[in-house]
Amino acid sequence: MLFAIDVGNTNITVGLFDGKTLIKQFRMITKTNRTSDEYGVFFRQWLSVNQIEDANIKNVIISSVVPNIMHSLTSGIIKYFDTVPLIVAPGIKSGIRVAIHNPKELGADRLVDAVAAYEMYGGPVIVVDFGTATTHDLVLADGTFSAGVTSPGIRLSANALWTGTAKLPEVEICKVDTVLGKDTVSSMQAGIYYGYIGQTEYIINQIKKESGLDNILVVATGGLGKLIYEATSAIDIYDPELTLHGLRILHDKQK
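Structural notes, computed from the coordinates.

Quick notes on the rules
- Residues numbered from 1 in each chain as written.
- Predicted model: local features only at pLDDT ≥ 70, side-chain atom pairs only at ≥ 80, totals over all residues.
- Heavy atoms only, no water.
- Helix = DSSP H or I, 4+ residues; strand = E, 2+ residues; numbered from the N terminus.
- Rg over C-alpha atoms; globule rule 2.2 N^0.38 Å.
- Buried < 20%, exposed > 50% of the residue type's maximum accessible area, 1.4 Å probe, protein only.
- Contact = heavy atoms within 4.5 Å.
- Core = buried A, V, L, I, M, F, W, Y, C linked by side-chain atoms within 4.5 Å.
- Salt bridge = Lys/Arg side-chain N within 4 Å of Asp/Glu carboxyl O.
- Axes fitted to C-alpha atoms, helices over the stretch in contact; angles between N-to-C directions.
- Parallel < 35°, antiparallel > 145°, perpendicular 65-115°, else oblique.
- Left-handed = near helix turned anticlockwise from the far one by under 90°.
- Nonpolar A, V, L, I, M, F, W, Y, C, P; charged D, E, K, R; others polar.

1. Thoughts on the overall build of the protein chain
And step 1. When helices and strands are tallied, the protein chain shows seven helices and 11 strands.
And step 2. Computed over the C-alpha atoms, the radius of gyration of the protein chain is 19 Å, within 12% of the 18 Å expected from 2.2 N^0.38 for a compact globule of 255 residues.
And step 3. Across its three principal axes, the protein chain shows a C-alpha extent of roughly 55 × 45 × 30 Å.
And step 4. Looking at the protein chain as a whole, 47% of its 255 residues are labelled buried.
And step 5. If you take every contact in the protein chain between residues at least 6 apart in sequence, the share linking residues at least 24 apart comes to 56%.

Here it is in structure tokens:
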């Protein structure tokens, strides 16, 4: 079995694969002050709850955008599972050619998503990941990572709204039926929800226009992505497990 671990700025998402099948997954909050023992014990307890023997974990792959936790995390994997994890980093065999000015700047999460979208859905494809930051990445028909757009994520934008103002309250991020807010809460919810739909549609349309690729698939993943996907025709597919499958595909490519 394969442990696929995606370390994001907000959550750590873990998937357990048996071959190509994702059989279990869970999330935990990303913290920089966990020890290697805490990671190892937590993972073992989770396996035990799901009646899976530790010895079944033969391989581990990690993608991370949070460098500060990597020493403890990798040490915990080595100590408790007796295996050295594969780390997604520049130079890993991916099948994707990164054609940006400095390929080493490309985040591991974006490479993983690009690999998954290209291998599972083909190219050209725009990959939209609604995470702590929202990314829109263009992968061409030949597997070239051509360009990307980075913007504040939905929750990050909303948090800035109520923490950066003295009188605006924290509100639930949700679908609202009208843009015509009648009070402070509904006006904020409308601005967050419809504002983000508008941003998403504009960026996708502009990528198509500037790349000259009108007939291009758009695949979305991540956190609140389903909320936006259900409200716009600009996104063709929402795949919440895209990143985990990308990790599995990357692991298989190293064999």
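So that's the structure; there's more coming.
2. Let's talk about the nonpolar core
For soluble globular proteins, the rule of thumb is that nonpolar side chains tend to be buried together.
And step 1. Core analysis: the largest hydrophobic core is formed by 28 residues, its most contacted members being Ile126 and Phe130.
And step 2. Elements with a minimum of two residues in this core: β7 (125-130), α4 (154-163), α5 (184-211), β10 (217-221) and α6 (225-229).
And step 3. A total of nine residues in this core trace back to one element, the largest contributor, which is α5.
And step 4. Among residues more than four places away in sequence, those in contact with Ile126 are Asp137, Leu138, Ile204, Ile207, Lys208, Ile216, Leu217, Val218 and Val219.
And step 5. Membership of the second largest hydrophobic core comes to 27 residues, among which are Leu2, Ala108, Val112 and Leu244.

3. Considerations on the pattern of salt bridges
And step 1. Evaluation of the coordinates by the stated rule reveals six salt bridges.
And step 2. Between Asp37 and Lys79 there is a salt bridge, with its nearest N and O atoms 2.6 Å apart. Placement of the pair is Asp37 in helix α1 (residues 36-49) and Lys79 in helix α2 (residues 70-81), with a sequence separation of 42 residues.
And step 3. In this structure, the salt-bridge partner of Asp252 is Lys255, at a minimum N-O distance of 3.6 Å.
And step 4. According to the relative accessible area criterion, Asp252 is partly exposed, its value standing at 29%.
And step 5. Lys255 sits in the exposed class, given a relative accessible area of 75%.
And step 6. Overlapping salt bridges, with partners in common, bring together Arg248, Asp252 and Lys255 in one network.

4. Digging into the packing of α1 against α2
A pair of packed helices is characterised by two quantities: the angle between their axes and the separation of those axes.
And step 1. Axis separation between α1 and α2 bottoms out at 7 Å; the angle between their running directions is 55°. Of the possible angle classes, the one that applies to α1 and α2 is oblique. Where α1 crosses over α2, the handedness of that crossing is right-handed. Packed against α1, whose contacting residues are Ser36, Asp37, Tyr39, Gly40, Val41, Phe43, Arg44 and Leu47, the element α2 presents Ser72, Leu73, Ser75, Gly76, Ile77, Lys79, Tyr80 and Phe81 at the interface.
And step 2. For the contact of α1 with α2, the per-class residue count stands at eight nonpolar, five polar and three charged.

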